[in-house]
Amino acid sequence: MPVKVGVIGCGKVAQRLHLPQYLNTENLKISGGPSRLLWLCETPVDAELVALADIKEDLVKNIASQVRVKKIFTDYRKLLEEKEIEAVSICTPNYLHAEMTIAAAEAGKHILVEKPMATTLDEAQAMITAAHKNKVFLMVEQTHRFGPNPEVAKEILEEGLLGRILYVWGKIGHAGPEQWSPGADWFLQKKACGGGAMIGIGVHVFDLIRWLLGKEAVEVSGTLGPLRKPYFEVESNAVAHVKFEDGTVAGFETSWSTVPYQMKVIFYGEKGTMTLSFGADNPVVVNYGIPTGVGDPNCGWGTFIPEGRKKSKSGGPIAYFINCIKRNEQPFISGEEGMKSLEGVLAVYESSKTGKVVKLPFKEVKK
Ligand SMILES: NC(=O)c1ccc[n+]([C@@H]2O[C@H](COP(=O)([O-])OP(=O)(O)OC[C@H]3O[C@@H](n4cnc5c(N)ncnc54)[C@H](O)[C@@H]3O)[C@@H](O)[C@H]2O)c1
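Parameters at a glance
Residues numbered from 1 in each chain as written. Predicted model: local features only at pLDDT ≥ 70, side-chain atom pairs only at ≥ 80, totals over all residues. Heavy atoms only, no water. Buried < 20%, exposed > 50% of the residue type's maximum accessible area, 1.4 Å probe, protein only. Helix = DSSP H or I, 4+ residues; strand = E, 2+ residues; numbered from the N terminus. Salt bridge = Lys/Arg side-chain N within 4 Å of Asp/Glu carboxyl O. Near = heavy atom within 4 Å. Polar contact = N/O pair within 3.5 Å; in protein donor to acceptor, adjacent residues only side chain to side chain. Areas by Shrake-Rupley, 256 points an atom, 1.4 Å probe, with all protein chains shown as cover. Nonpolar A, V, L, I, M, F, W, Y, C, P; charged D, E, K, R; others polar. Axes fitted to C-alpha atoms, helices over the stretch in contact; angles between N-to-C directions. Parallel < 35°, antiparallel > 145°, perpendicular 65-115°, else oblique. Contact = heavy atoms within 4.5 Å. Domains from an automatic or database assignment. Buried area = accessible area lost by both parts, 1.4 Å probe. Pairing = 2+ DSSP bridges. Right-handed = clockwise from strand over helix to strand, strands pointing away. Lys, Arg positive; Asp, Glu negative; His and termini not counted. Phe/Tyr/Trp six-rings, centres within 6.5 Å; stacked < 30°, edge-to-face > 60°.

Our next topic: helix 10 (residues 317-327). For helix 10, a buried count of 8 out of 11 residues is recorded, marking the element as mostly surrounded by other parts of the structure. For helix 10, the set of buried residues is P317, I318, A319, Y320, F321, I322, C324 and I325.

Inspection of every chain in the model, using the stated rule, returns 20 salt bridges. R210 is paired through a salt bridge with E216; the nearest N and O atoms lie 3.1 Å apart. The class for R210 is buried, based on a relative accessible area of 4%. Residue E350 pairs with K353 through a salt bridge whose shortest N-O separation is 3.8 Å. Within this pair, E350 and its partner K353 are both found in helix 11 (residues 335-354), separated by 3 residues, close to a single helical turn. Relative accessible area serves as the criterion here: at 60%, K353 is assigned to the exposed category. Overlapping salt bridges bring together R145, D207, R210, E216, E337 and K340 as one network.

Taken together, 27 residues lie near the ligand, and D54, N94, T143, W180 and S181 sit nearest. Contact distances for the ligand include 2.6 Å between an oxygen atom and a side-chain N or O atom of N94. In this structure, W186 approaches the ligand through a side-chain N or O atom, which is 2.8 Å from an oxygen atom. For the ligand, the accessible surface in isolation is 850 Å², of which the surrounding protein chains cover 92%. Of all elements in the fold, only helix 1 (12-22) and helix 4 (97-106) reach the threshold of two or more residues within the shell around the ligand. Residues of the shell around the ligand, tallied by class, amount to 13 nonpolar, 8 polar and 6 charged.

Our next topic: the packing of helix 5 (residues 121-133) against helix 11. Between helix 5 and helix 11, whose axes approach to 10 Å, the crossing angle comes to 180 degrees. Relative to helix 11, the element helix 5 lies roughly antiparallel. Only G335, E336, M339, L342, E343 and L346 of helix 11 make contact with helix 5, whose side of the interface consists of L121, A124, Q125, I128 and H132. The class makeup of the residues in the contact of helix 5 with helix 11 is 6 nonpolar, 3 polar and 2 charged.

In this section: the domain arrangement of the chain. Looking at the chain, the domain boundaries give domain 1 (3-144 + 315-334) and domain 2 (147-309 + 344-354). Using C-alpha coordinates to define each centre, domain 1 is positioned 26 Å away from domain 2. Listed per partner, the contact involves 19 residues of domain 1 and 23 residues of domain 2. Buried surface at the junction of domain 1 and domain 2, summed over both partners, amounts to about 1,800 Å²; 65% is from carbon and sulfur atoms. Counting across the domain 1 and domain 2 interface gives 0 salt bridges. The interface formed by domain 1 and domain 2 includes 5 residue pairs in polar contact (both at pLDDT 80 or more).

The buried fraction of strand 5 (residues 110-114) is high, at 5 of 5 residues. Alternating positions in strand 5 separate into two faces, H110, L112 and E114 on one and I111 and V113 on the other, with burial throughout. Pairing of strand 4 (residues 87-90) with strand 5, which is carried by 4 bridges, proceeds in the parallel orientation. Note on strand 5: the bridge partner recorded for V88 is I111. Pairing of strand 5 with strand 6 (residues 138-141) involves 4 bridges; the strand directions are parallel. Its bridge partner lying in strand 6, V113 is registered against V140. Each parallel crossover has a hand, and the one from strand 5 via helix 5 to strand 6 is right-handed.

What follows deals with the side chain of K115. Mapped onto the elements, K115 comes out in the loop between strand 5 and helix 5. Of the buried charged residues, K115 lacks a salt bridge, with E114 as the closest side chain of opposite charge at 5.4 Å. Within the local environment of K115, its side chain forms a polar contact with the backbone oxygen of G200, the two atoms lying 2.6 Å apart. Not counting chain neighbours up to four residues away, the residues in contact with K115 comprise N94, H97, V140, E141, Q142, G200, V203 and H204.

On to the packing of aromatic side chains. For the structure shown, the criterion picks out 8 aromatic pairs. An angle of 50 degrees between the planes, with centres 5.7 Å apart, marks the rings of F146 and Y320 as tilted. Here F146, found in the loop between strand 6 and helix 6 (148-158), pairs with Y320, found in helix 10; they are 174 residues apart in sequence, far enough to count as distant. Here F146 falls in the buried class, since its relative accessible area comes to 1%.

Below is the structure:
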């Protein structure tokens, strides 16, 4: 039986990722053209989309007419009252994730919440507690963990092909929220977004580094770049340094002023280097050193490009979430996992304020 779902928030990420996947379709006319996230639709999703909610009545009506969903709401709480709905996607501005997740958990729905899971650690903890109390699954939608290429990269690291990893560098950048979702001003408001590029998209790259390394961060420091127009409340760019529990160090950067889109992580190990680049012709490239024994610091080196794998093992995030519900299995990006990635980026804000290294776990000072 298909899992019955409702989608709360029908903006860009719903149009480009959640709705196409729930509907097993490649594209929605309304989304403004094909998305680079379309590959995520490759795995059939055994779900039935039964309801949509958005405060913008015109938008929700327009989408519902395209996708033939009969139940539409401008108050998400009414959607949650629908008994037949077993699970929800929460695709609203960041400051609403906690309130909506807690309400959904109390209504007994499984939850897939967009990243960042919340804007504060207290909110994230309350979401986790609500999900446990109500015995529902809470998954945080960290898109970049999915797909064949991150999976291949994870296998290479786990097989130890690079030896011990000593340093990781990562970058995520795009042209900014004005390009992604025109008119979505909330991205540029501190209270609504929780910050700027660091919480907005830096959380993707920090989460990916954490997951691929399989290690926890113990120290974070960082610097925020210029504040973004028109409100001058949130940063356009930020850089961070991280120390992991085994001494591995990482540096990562995030930007809402990078054209074209760039998402890349490089793992530097004792035996070689692996680059994972999203959208590249060769998304995973391994360069391994061949010691020449002649005192040449460059060594000899070779390149290994893993065979392109077309299909992801887990499917896209939506297929995976639905399969977890069907198998009664806790998704691997649980609330606790999402909170660790959130904590890392919030620590960058703390460090930029105090000028000090932040030791994890840390307690946020109330704003
Ligand atoms: N995983 C990814 O790669 C990815 C990409 C982009 C955005 N996101 C995340 O997805 C979320 C939404 O981003 P977006 O780009 O779709 O933003 P958006 O502004 O395009 O869409 C948000 C939608 O939520 C609606 N909304 C606002 N308040 C509401 C309420 N009270 N009830 C119901 N609907 C309400 C808005 O009307 C809007 O249509 C954010 O958390 C963002 O960080 C994730």
